[in-house]
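Structure at a glance
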Amino acid sequence: MAAASRAADLVVVGSRGLGGFTSAMLGSVSRGVLQRAHCPVSVVSAPRRRPLRRPSDGSG
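Just so it is clear, the model here is predicted, and its values are computed rather than measured.

Further remarks concern the confidence of the model for the chain. Averaged over every residue, the pLDDT of the chain is 80; residues scoring 70 or more account for 77%. The element-level mean pLDDT for the chain is lowest in helix α1 (residues 2-5), coming to 87, with helix α2 (residues 28-36) highest at 90.

Moving on to α2. Residues that lie three or four places apart on an α-helix share one face, since the helix turns once every 3.6 residues. All buried positions along α2 are accounted for by Ser30, Gly32 and Val33. On an axial view of α2, the arc spanned by its buried residues comes to 165°, and they lie on one face. For α2, exposure combined with an orientation more than 90 degrees from the buried face picks out Ser28 and Gln35. Check the buried side of α2 and you find it contacts β1 (11-15) and β2 (41-45).

Take the side chain of serine 30 next. Within the element layout of this structure, serine 30 appears in helix α2. When its relative accessible area of 4% is taken as the criterion, serine 30 is described as buried. Apart from the residues within four sequence positions on either side, serine 30 is in contact with Val13, Gly14, Ser15 and Val43.

Calculation criteria
- Residues numbered from 1 in each chain as written.
- Predicted model: local features only at pLDDT ≥ 70, side-chain atom pairs only at ≥ 80, totals over all residues.
- Heavy atoms only, no water.
- pLDDT = per-residue confidence, 0-100.
- Helix = DSSP H or I, 4+ residues; strand = E, 2+ residues; numbered from the N terminus.
- Buried < 20%, exposed > 50% of the residue type's maximum accessible area, 1.4 Å probe, protein only.
- Arc of directions from axis to C-beta.
- Contact = heavy atoms within 4.5 Å.

Below, the structure is given as structure tokens:
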């Protein structure tokens, strides 16, 4: 990965966001990429899934 990043403009790494402080903590893969890459790195996470809610029709 580090060798491939020499020719890249940007490396994008996904994050599952596990843990209590998901915005502050990086996983081992994300951290390793940040330490070894030879270009900028973007760590992105998928939006949190929320349960679908049915719209209220007022019938209670």
